[in-house]
Amino acid sequence: MGQIQNILDEGIRGLEHNFITAKLEDLVRWSRSRSSWPATFGLACCAIEMMATGAAHYDISRFGMEVFRASPRQADIMIVAGRVSQKMAPVLRQVYDQMMEPKWVISMGVCASSGGMFNNYAIVQGVDQVVPVDVYAPGCPPTPETLIHAIETLHGLIETGELLKRRGSTGAGANVHVEAAPAPAQPIPVVLGAR
Amino acid sequence: MLHGCPTGDSRGQTTVFASVDQYVSVVKKLADDGYTMCYDLTAVDYLTHPGRTLPDGVAPERFELVVGLLSIEQRSRLRIRVQVAEDQAVPSLFDIHPGTEAMEREVYDMFGIEFTGHPDLTRILMPEDWDGHPLRKDYGVGRIPVQFKQADRGV
Amino acid sequence: MALVEQTNEGGQELKARSELGAKELLREVGSVLRMSEAEAAALALSEIDPSTDQTMIINMGPQHPSTHGVLRLMLELQGETVLRCKPIIGYLHTGMEKTGEQLTFLQGGTNVTRMDYASPLNNELVFSMAVEKLLGIDGDIPERAVWMRMLLSELNRMSSHLLFMATNGMDIGAVSMMIYGWREREQVLRFFQKVTGLRMNHNFIRPGGLAADLPAGWRDDVLHLLDEINPRLDEYDILMTGQPIWRERLQGVGIITAQEAIALGATGPILRSTGVPWDLRRDQPYLKYEEMEFDVIVGSYGDAFDRYAIRLNEIRESMRIVRQILDRMPAGDYRIQDKKVTPPPRARIDESMEALIHHFKIFTEGFKVPEGEVYVAIESPRGEIGCYIVSDGSSTPYRMHMRAPSFVNVQTLPHMMRGGLVADAVAVISSVDPVLGEVDR
């Protein structure tokens with residue numbers, strides 16, 4: 001009974017650790033990393049390189065990722081490919097929230113990682129201001145090799161289970177739920193500085 | 001002079017300087033002349049560059065509306081420049097050239113110039129509740145400070 | 001998604017297409033949904049009354065599997081038929097025109113190249129041509145530089161149209177076309193990587209010429225490229241053009257008349273599909289296009305099939321132009337030898353103080369461009385792309401505006417989609433081939 005309650009409370013981590021359950025955990029993590037499906041979030045030039053990565057020459061199908069799921073409910077990884085504008089930021093968050101746990105985010109390209117060359121009013125300076133990011137892939141745009149390296153890094157992290165363990169203990173990452181903050185008494189001044 | 005407006009030449013391209021009142025009738029007459037496509041409509045904010053060269057009889061204002069017209073049969077282009085003061089509304093070209101709808105919305109969004117007679121004058125590029133008109137010269141770029149950014153751009 | 005009693009359009013009424021005369025066409029054909037985004041959001045939250053069976057307003061995008069980027073369409077549907085539509089853009093607005101005012105004329109290419117990211121060299125070309133016209137050096141660009149620019153521009157047209165074939169195929173349902181189109185595109189991108197160093201967003205065509213010369217062995221590479229792509233285009237003809245399903249899906253879909261296209265400012269394959277033979281390479285030639293022999297492909301029905309066929313055959317025409325360039329490429333400089341505009345060769349910096357100073361000034365402060373304004377237009381794969389630059393005599397543009405073809409072409413979407421099915425809406429967007437980077441800038 002205690003065992004079942006543990007599982008109900010904590011999922012697979014609730015299993016009392018022994019040889020068989022450890023292997024089961026490894027199996028689950030292995031299968032998660034080998035068939036993670038990306039959600040289509042191609043925005044700009046990086047989307048073209050992401051499509052090139054999916055095409056025959058660079059083929060991410062060898063990593064089990066060629067099915068780009070249009071519906072975020074069926075996707076595991078969100079590859080934010082391209083620059084995120086002010087109008088797009090709430091859409092990004094909404095799509096991220098619709099994804100099912102466990103989920104990961106790769107920020108592809110410099111515009112998604114830090115705002116890139118567009119340090120101005122229109123672009124969110126780094127998509128990690130909106131969603132928690134696990135792997136950053138630099139480049140403008142990153143060549144398909146760079147993106148594959150980022151994907152493989154993420155797969156390695158999924159396989160060791162480090163990311164989910166870390167999130168579970170700190171309560172950070174995907175378990176973050178943004179609550180609407182009450183408006184402060186004084187409006188916060190936004191300074192659009194001169195160049 | 002063309003249809004009652006002074007003309008100029010800019011690097012070999014004919015420019016017509018129309019006033020806000022004449023502007024729509026000039027475009028209409030040019031459309032009858034064969035300039036059937038309006039390929040571009042944009043604006044420039046001359047706030048920090050008031051000393052530009054204009055022909056006699058044309059008083060400079062803060063904004064300038066730049067309209068590009070193309071005649072497919074004659075294979076020629078024409079540019080119309082209209083001086084627009086701050087807070088002055090300009091008549092819309094939508095009735096003559098429906099393709100200016102999105103372009104005028106963009107000018108409204110980026111500069112704040114209002115177009116009377118436009119079917120749907122709302123923001124097109126920025127979110128609808130955005131404050132300010134980004135391409136005006138008194139609107140900052142909105143940079144965030146970056147470590148080790150290099151020296152000031154000289155003029 | 002909400003069921004509405006009646007759409008609040010005022011005096012605008014949907015009319016049958018045959019009733020329309022020119023006057024109606026100008027004011028309102030009733031195909032554009034005039035509803036602000038705030039109203040649409042309020043509608044979504046309002047009560048649904050299932051007893052009434054009226055039209056439905058749904059949202060398509062901005063994140064959707066059709067690969068054209070972040071375009072959002074509000075569709076008013078009656079069952080499966082699209083009545084009205086409103087394209088909502090701005091989801092990729094990058095403030096490039098504002099950024100363009102902060103960057104020098106030499107750096108401007110890096111900014112501008114990311115607008116139409118499917119054909120970046122064309123963006124750089126039009127920007128460089130506008131700057132050169134302001135500088136007054138547009139007649140002095142060396143021959144080899146001009147021919148190299150033409151070669152790169154045509155290869156970019158090929159890669160952009162191959163991207164169109166791939167995405168168009170996938171949107172219509174021929175998913176394998178996605179893989180085939182990318183196969184060819186990779187060949188062209190590999191050549192670009194050899195010449196410019198990058199697969200995309202090259203920043204290679206700069207004011208004064210180009211950044212570097214063509215590498216050794218480029219002729220063999222290009223010949224190899226052409227020999228590989230040629231038979232594959234015939235394969236695509238077999239896969240798609242003659243195929244009944246393809247024809248059913250594209251013929252008669254998304255029809256636009258020549259009058260509508262000109263009134264809306266549409267250019268490129270959209271205008272040519274209506275029968276108007278307007279191609280800037282032939283009608284207002286730039287670079288060396290008046291010496292090239294090529295045909296301008298024109299359609300007759302103005303439908304999506306015509307636009308597909310035009311782009312397929314434009315790849316063939318581009319290959320024809322590239323072959324002519326291969327034979328006639330002259331020797332010479334790849335950039336103008338004007339010390340104030342183009343940086344000196346790297347080797348000379350070690351030897352000459354003057355060269356070092358010029359290099360330093362050009363890359364930090366930038367070269368100054370005389371006062372004036374100019375508009376230059378070229379034919380990009382999507383239509384007429386133009387660059388309007390106002391200079392105030394300093395080293396950065398005072399105003400840089402790009403006339404993006406897709407921004408204007410997107411206005412034709414409601415008129416093309418009216419009366420069609422939702423599935424046709426996907427085919428229509430795909431046939432317009434918008435690139436949202438240049439729509440939103």
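Residues numbered from 1 in each chain as written. Chains lettered and ligands numbered in written order. Predicted model: local features only at pLDDT ≥ 70, side-chain atom pairs only at ≥ 80, totals over all residues. Heavy atoms only, no water.

A. Local environment of helix α4 (residues 89–98) of chain A. Those residues of α4(A) lying buried are Ala89(A), Val91(A), Leu92(A), Arg93(A), Val95(A) and Tyr96(A). Those residues of α4(A) hidden inside the fold are in contact with β2 (77–81) and β3 (104–108) of chain A. (Buried < 20%, exposed > 50% of the residue type's maximum accessible area, 1.4 Å probe, protein only. Helix = DSSP H or I, 4+ residues; strand = E, 2+ residues; numbered from the N terminus. Contact = heavy atoms within 4.5 Å.)

B. Summary view of empty space enclosed by the protein. All names here are of chain A. The tally for this structure, following the rule as stated, stands at 7 cavities of 30 Å³ or more. One number sums up the size of the second largest cavity: a volume of about 90 Å³. Cys45, Cys46, Arg83, Cys111 and Cys140 are the residues nearest the centre of the second largest cavity, which is lined by 14 residues in total. Contributing elements (two or more residues each) for the lining of the second largest cavity: α3 (45–54) and α5 (110–114). Broken down by class, the residue content of the lining of the second largest cavity amounts to 8 nonpolar, 4 polar and 2 charged. (1 Å grid on protein atoms, 1.4 Å probe; cavity = no way out; pocket = protein on both sides within 12 Å on 5 of 7 lines; lining within 4 Å. Points joined across faces, edges and corners; volume = space filled by probe spheres on them. Nonpolar A, V, L, I, M, F, W, Y, C, P; charged D, E, K, R; others polar.)

C. How the structure looks around the pattern of salt bridges. Using the criterion set out here, one finds 48 salt bridges over all chains in the structure. Note that Glu86(B) and Arg62(B) form a salt bridge whose closest N and O atoms lie 3.1 Å from each other. In this pair, Glu86(B) is assigned in the loop between β5 (76–84) and β6 (90–91) and Arg62(B) in the loop between β3 (37–45) and β4 (63–71), connecting sequence segments 24 residues apart. A salt bridge links Lys137(B) to Glu101(C), with the shortest nitrogen-to-oxygen separation between them at 2.9 Å. (Salt bridge = Lys/Arg side-chain N within 4 Å of Asp/Glu carboxyl O.)

D. Representation of unusual backbone geometry. Cis geometry is adopted by the peptide bond preceding Pro102(A), which originates at Glu101(A) and carries an omega value of -10°. With respect to the element layout, Pro102(A) can be found in the loop between α4 and β3. The residue after Cys140(A), namely Pro141(A), is reached through a cis peptide bond having omega -10°. Note on placement: Pro141(A) falls in the loop between β4 (135–137) and α6 (144–160). Look at Asp59(A): it is not a glycine, yet its phi comes out positive at around 30°. Summarising the element assignment, Asp59(A) is placed in the loop between α3 and β2. Its identity is not glycine, yet Arg11(B) carries a phi of approximately 55°, on the positive side. Along the polypeptide, Arg11(B) turns up in the loop between β1 (7–10) and β2 (13–18).

E. Layout of the pairing of β3(A). Residues and elements named next belong to chain A. The element β3 is largely enclosed, with a buried count of 5 among its 5 residues. Burial along β3 is two-sided: Trp104, Ile106 and Met108 facing one way and Val105 and Ser107 facing the other are all buried. Alignment of β2 against β3, held across 5 bridges, turns out to be parallel. Opposite alanine 81, over in β3, you have methionine 108 as the bridge partner. With α4 bridging β2 and its parallel neighbour β3, the resulting β-α-β unit is right-handed. As judged from the 3 bridges shared by β3 and β4, these two strands associate in the parallel manner. (Pairing = 2+ DSSP bridges. Right-handed = clockwise from strand over helix to strand, strands pointing away.)

Geometry only, nothing functional implied.
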